Every structure is written in C-alpha cells, then in structure tokens.
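# Overview (structure and organization)
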Amino acid sequence: MSEGNNSTTTSTAITIEDVQNLVKKKDEIEEQIKAYYDVLEDQKGVGMTGPLVDAEGFPRGDIDVYQVRNARHNVACLQNDHKEIMQQIEEALYRLHAYEREKREKDETQAKAEALEQDLPLPHPFAKVDAVTPGSPASISGLQVGDEIFEFGTVNSLNFQNLQNIASVVQHSEGKPLSIAVIRSGKKVHLGLTPQRWSGRGLLGCNILPLQR
C-alpha cells in the first residue's frame, strides 16, 4: 500500500484480498524475526541483550560475535517493518469496513427509493408496443411487446397528441440515445433506445399503437 493514503477516504476500494496480502507479508516478517531469534538462541542464548564481551572486555570466544550482531541488527529492522505493516493492516481494515458500510448504506438508500417509487401511483401511459422485430434497435434496447409507454424522450402523457409526436422525436434523434419509460407487469421500467439505421425498416423496428384513455 502506497504512502499518503488517507485512512478517512473510501474513494479507492479496499478488498479482502488486499488485507490478506498484507497479513501474508506480516506473517513472512514474523517468520524472519523468529529465524533470527533462533540464531541468537543457538549462540548460547545470548538473545538481544546478552553481553558480547567477557569479564575482561574481550570479544567472547564461545559465540560468533559477528553473527550475533548481524542477527540483532536484522531483528531490529524487521521489528520496525512489522510495526509499519501492522499499521497498514489496521488502516486497510478500517478502509475496508468504511467502504462496505458506505456501500451498504448506498444500497439501502437505493432500495428504499425504488420501493418508494414503486409505491407511487403508476403514470398514465399514452401508447403501447404492439410488435418488436428481433435484432432491431427496439429489441436491443429491451423494449417488449405489451410495454405501455408513458415517456418517450420529450413526449409524455401530458403533451402526447398522436403518433406523429413520437415519429418527430425519433427523426430528430437518429444516433442519439432516448430515455424511454414504460409500465411492464404493473411496474415502471426505464430503458435507453437509440434510433438508428438497421437491416429492417425505419429507425426503431417496433410498432407502437396509441392508447385511448
């Protein structure tokens, strides 16, 4: 994990795998520390603080002084690395939990909004899809036979007069995505439909009938 990461930001998602990789590094450092402690133990159990000179001030002859000093130096360095990796793990766990909490709250908010929207009275549709040709722009957009349209680009139930309104929007929107809203099985469904040339007739590949309300 690079330095300078702010533990209070969740803009970059932390994954379980990221944390597992840090824990793996921690375990490797701990294994290295243990190996050097084993070296110190083999040297008459001198450890990190045992004297390296005898009573007369001369280097002890019963141990490998160089090996002991080297092991002690490496242990000290590895302990610093261990402290740093533990801080990184703590920060990663904090960011992981914060990200998951943020995602959960966002999902709950979205679910409530969708539930509230579904509870609202359904708008009045002004047209119905009578046929959809496979492979057409309408088919690709997800439009289905039986869909009741209450929004077609700028056309809605308030300003719809006749099918020419839809035809005009389609002609002026070739190659541009249109927002379509329909009622399907008693629920509102939003689609994106891009009128464009295809192998069949017209720019949509569907048949739309006006609804008498």
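Residues numbered from 1 in each chain as written. Predicted model: local features only at pLDDT ≥ 70, side-chain atom pairs only at ≥ 80, totals over all residues. Heavy atoms only, no water.

## Some details on the pattern of salt bridges
Counted according to the given criterion, the structure contains seven salt bridges. Residue K26 pairs with E30 through a salt bridge whose shortest N-O separation is 3.2 Å. With K26 and E30 both in helix α1 (residues 16–42) and four residues apart, this pair spans about one turn of that helix. In this structure, D107 and K103 form a salt bridge, with 3.3 Å as the shortest nitrogen-oxygen distance. In this pair, D107 and K103 both sit in helix α2 (residues 65–119), four residues apart, roughly one turn of the helix. Its relative accessible area of 44% is what places K103 among the partly exposed residues. If you follow the salt bridges from partner to partner, you end up with K26, D27 and E30 in one network. (Salt bridge = Lys/Arg side-chain N within 4 Å of Asp/Glu carboxyl O. Helix = DSSP H or I, 4+ residues; strand = E, 2+ residues; numbered from the N terminus. Buried < 20%, exposed > 50% of the residue type's maximum accessible area, 1.4 Å probe, protein only.)

## Side note on the UniProt feature "domain: Nas2 N-terminal" (unreviewed entry) in the protein chain
The positions UniProt marks with the feature "domain: Nas2 N-terminal" (unreviewed entry) are residues 20–98. Taken end to end, residues 20–98 is 72% helix and 0% strand, and its two terminal C-alpha atoms sit 17 Å from one another. (UniProt positions renumbered as here; feature names shortened; annotations may be inferred.)

## Considering the environment of P125
Relative to the helices and strands, P125 is located in the loop between α2 and β1 (127–132). Residue P125 is classed as buried on the basis of its relative accessible area of 5%. Spatially, the C-alpha atom of P125 lies 16 Å from that of Q164, the residues being 39 residues apart in sequence.

## Thoughts on the layout of surface pockets
Of the pockets and cavities examined, the largest pocket occupies roughly 420 Å³. For the lining of the largest pocket, the secondary structure elements donating two or more residues are β1, α4 (163–171) and β6 (206–210). In terms of residues, the lining of the largest pocket owes the most to one element, α4, which gives five residues. Grouping the amino acids of the lining of the largest pocket by side-chain chemistry returns eleven nonpolar, five polar and one charged. (1 Å grid on protein atoms, 1.4 Å probe; cavity = no way out; pocket = protein on both sides within 12 Å on 5 of 7 lines; lining within 4 Å. Points joined across faces, edges and corners; volume = space filled by probe spheres on them. Nonpolar A, V, L, I, M, F, W, Y, C, P; charged D, E, K, R; others polar.)

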